[in-house]
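Letter by letter, the chains look like this.
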Amino acid sequence: MALCMRKSLNLINLLKSKIGLLGTINPSPWASTLSHHHEFPVPSPTIQNLGNSDADWIVKASSRRFKWTKAEKQLSSRNDDDDNKVLDFPGGKVGFTPEMRFISESPEERTRCYRVLDEEGQLIIGSNFVQVSKELAVKMYTDMVTLQTMDTIFYEAQRQGRISFYLTTIGEEAINIATAAALSIDDHVFPQYREPGVLLWRGFTLQEFANQCFGNKFDYGKGRQMPIHYGSNKHNYFTVSSTIATQIPHAVGAAYSLKMDRKEACAVTYFGDGGTSEGDFHAALNFAAVMEAPVIFICRNNGWAISTPTSDQFRSDGAVVRGQAYGVRSIRVDGNDALAIYSAVHAAREMAISELRPILIEALTYRVGHHSTSDDSTKYRPIDEIEWWKLARDPVTRFRKWIESKGWWSGEAESEFRSSVRTQLLHAIQVAEKLEKPPVADIFTDVYDVPPSNLQEQEKLLKETIKRHLQDYPSDVPS
Ligand SMILES: Cc1ncc(C[n+]2csc(CCOP(=O)(O)OP(=O)(O)O)c2C)c(N)n1
Ligand SMILES: [Mg+2]
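Residues numbered from 1 in each chain as written. Chains lettered and ligands numbered in written order. Predicted model: local features only at pLDDT ≥ 70, side-chain atom pairs only at ≥ 80, totals over all residues.

Next up on the list: the overall build of the chain. The helix and strand inventory of the chain stands at 15 helices and 10 strands. In the chain, which comprises 479 residues, the share counted as buried stands at 35%. Considering only residue pairs separated by 6 or more positions, the chain has 71% of its internal contacts joining residues 24 or more positions apart. (Helix = DSSP H or I, 4+ residues; strand = E, 2+ residues; numbered from the N terminus. Buried ≥ 20, exposed ≤ 12 C-beta atoms within 10 Å, placed from the backbone. Contact = placed C-beta atoms within 7 Å.)

What follows is the structure in structure tokens.
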């Protein structure tokens, strides 16, 4: 440390001698008072152009150390005794206080939740939001209905034993569709698993959804994943990974790459309240803030991580307050208000791209369905709670009321659309079910350029086992 300090002093003296600086530079910026006010030297262009690499390093490092935190209020002048002393600390000046005061573990008031439409689908007076055209609003609504219908039919298909697994987005249709509507197709999406609506919005067809769930030869994952693990290069939608929160740092890396390539796009990642308990969430937020990466973090706080309530996940005021802790601009939004979500994501995208910064959005919502087809949520939560969210706070009904009040939708259009989408879905699953499965050999491809010997051995063994126990394996899987 002493050696470092001496080396720095020598370099500062070198600087002084090169540019003929008068006076002294205090080598210790750690403590000072306003009366003996110390300003750490801010580099001037002249200093930076000295061409001395050691000197450049000092100057750049010192200016960076002091610029990176933007506290709301910078200390200027204070009157009382010890209160007039400040510590010049990386990030800005920190005031001293003789009072031993711990920061409270919770704010006086919970962070407010931005909304535009009330439960009855009426615009709240004074709300500020981004206008949507009739065409956009109707697409938002019909995509929400398609998502709802897809969930009902695929869920039934799983109950009938036709697919092995399914997971619905019921109650979270607005987050799915309204976030997607505010993004551009060039934005890279890193989903958790409860956001298939983003892919639907981007044009992934019902047949493509069905092909993945049935794991047939047209599934882009070649049948190697469980149902609902969608992914599409064409739609800039990264393949779902069940391992909670792994997608969050991936999104930050992608955002940083978009920034380096000077693309007019951002990365967007979705995760649940449960995802925020993973280390990946914290590392990603910090990394994004420091690297100034254009990424939008969308947390679907739906109250539950399977059977774990949020009270067992965290004691902070949800996810939103963690943004500020990491230096990330944040907002809390009503996750069941499509218009508020659309507006917040629209604004977040603008800021992320033009100001090169991460944004955190916490959408308050509720997982109305069971966690998945492997779960029965009535075992751990009251039915009344589910019913209340389903009936009083349904995001699809709320948005429908609003577009109806605008004269953009009617009861007739509703029944026509619902019946047509149902027919299309039934057709899609019938086709997907009949299609051949991908060959067994595909299990072993796409990881290695040349498969290693142990993998070749496993493939051989698998094929021999299938041959010996033909009755135990599906007949429609080619080798
Ligand atoms: C690393 C990891 N731990 C545990 C699991 C098991 N698991 C699957 S989903 C889930 C709950 C996640 O909850 P949340 O992030 O709130 O998303 P939600 O299901 O509510 O949409 C858990 C714990 C997993 N898949 N990965
Ligand atoms: Mg959850």
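Bringing the site of ligand 1 into the picture now. Every one of the 16 residues lining ligand 1 counts as a neighbour, but I244, G272, G274, G275 and A305 are closest to it. Secondary structure elements with two or more residues in the shell around ligand 1: β5 (267-272) and β7 (304-305). Of the residues in the shell around ligand 1, the class split is five nonpolar, seven polar and four charged. (Near = placed C-beta within 6 Å. Nonpolar A, V, L, I, M, F, W, Y, C, P; charged D, E, K, R; others polar.)

Here the focus is the packing of helix α4 (residues 134-159) against helix α14 (residues 411-434). Interhelical geometry of α4 versus α14 gives an angle of 45 degrees and a closest axis separation of 10 Å. It follows that α4 is oblique to α14 by the angle criterion. Note that α4 runs across α14; the crossing there is right-handed. Seen from α4, the contacting residues are T142, V145, T146, T149, M150, I153 and A157; seen from α14, they are F417, R418, V421, R422, L425, L426 and I429. Across the contact of α4 with α14, the residue classes break down as nine nonpolar, three polar and two charged. (Axes fitted to C-alpha atoms, helices over the stretch in contact; angles between N-to-C directions. Parallel < 35°, antiparallel > 145°, perpendicular 65-115°, else oblique. Left-handed = near helix turned anticlockwise from the far one by under 90°.)

Moving on, we come to helix α7 (residues 206-214). Counting buried positions along α7 gives eight out of nine residues, so the element sits mostly inside the fold. Buried positions along α7 lie against α4, α6 (196-201) and α14. Note on α7: the residue one or two positions beyond its end, G215, has a positive phi of about 55 degrees.

Moving on, we get to the nonpolar core. Counting residues in hydrophobic clusters, the biggest one holds 93 residues, and the most contacted among them are V295, I296, I341 and I361. Those residues in contact with I361 that sit more than four places away from it in its chain are I296, F297, I298, C299, I331, V333, A344, V345 and A348. (Core = buried A, V, L, I, M, F, W, Y, C linked by C-beta atoms within 7 Å.)

Of all residues in the chain, 83% attain a pLDDT of 70 or more, and the chain-wide mean is 87. Low pLDDT, under 50, characterises residues 1-62; the stretch is placed with 50 contacts to residues that sit more than four places away or in other chains. (pLDDT = per-residue confidence, 0-100.)

Counting buried residues in strand β9 (residues 329-334) gives five out of six residues, a clear majority hidden from the surface. Bridge analysis of β9 against strand β10 (residues 359-364) gives six bridges, and the strand direction is parallel. When the sheet's bridge partners are listed, R329 is paired in β10 with I359. Considered for its hand, the β-α-β crossover made up of β9, helix α11 (residues 338-354) and β10 is right-handed. (Pairing = 2+ DSSP bridges. Right-handed = clockwise from strand over helix to strand, strands pointing away.)

On to the sheet that holds β5, then. One open sheet holds the five strands; their spatial order is β4-β5-β6-β10-β9, and the pairing between them is parallel. Here the strands that pair on one side only, and so sit at the sheet edges, are β4 (188-190) and β9. Neighbour to neighbour, the strand axes of the sheet diverge by 20 degrees on average, direction disregarded. With six bridges connecting them, strand β6 (residues 295-301) and β10 associate as parallel partners. Paired with R300 across the two strands is A363, which belongs to β10.

Quick look at the environment of Y114 now. By secondary structure assignment, the location of Y114 is in the loop between β3 (92-95) and α4. Look past the residues within four positions of Y114 in its chain and what remains in contact with it is I331, R332, V333, D334, A340 and A344.

What follows is about the packing of helix α5 (residues 173-181) against α11. It is at 8 Å that the axes of α5 and α11 come closest, and there the two elements cross at 40 degrees. Here α11 runs oblique to α5, going by the angle between their axes. The hand of the α5/α11 crossing is right-handed. Here A174, I175, I177, A178, T179 and A181 of α5 come into contact with α11, specifically with A338, I341, Y342 and V345. Considered class by class, the residues forming the contact of α5 with α11 number nine nonpolar, one polar and no charged.

Once that is clear, we can look at unusual backbone geometry. Of note, K222 is a non-glycine position whose phi angle comes to about 55 degrees, a positive value. With respect to the helices and strands, the residue K222 is situated in the loop between α7 and α8 (247-260). Judged by the 18 C-beta atoms lying within 10 Å of it, K222 falls in the partly exposed class. The residue L356 is not glycine, and still its phi comes out positive at about 50 degrees. What makes L356 partly exposed here is the crowd of 16 C-beta atoms within 10 Å.

For α5, the tally of buried residues reaches nine of nine residues, placing the bulk of the element in the interior. Taken together, the buried positions of α5 are occupied by E173, A174, I175, N176, I177, A178, T179, A180 and A181.

Turning to the environment of W388, a few remarks are in order. As for its placement among the helices and strands, W388 is situated in helix α12 (residues 383-392). For W388, a count of 13 C-beta atoms within 10 Å puts it in the partly exposed group. Once the C-alpha coordinates of W388 and V368 are considered, the two residues, 20 residues apart in sequence, prove to be 9.5 Å apart.

Burial analysis of β6 places seven of its seven residues in the buried class, the great majority of the element. Of the two faces of β6, the one carrying V295, F297, C299 and N301 and the one carrying I296, I298 and R300 are both buried. In terms of strand pairing, β5 meets β6 through six bridges, oriented parallel. Residue Y270 lies in a different strand from β6, and its bridge partner there is I298. Since β5 and β6 lie parallel, the crossover through helix α9 (residues 279-291) that links them has a hand, and here it is right-handed.

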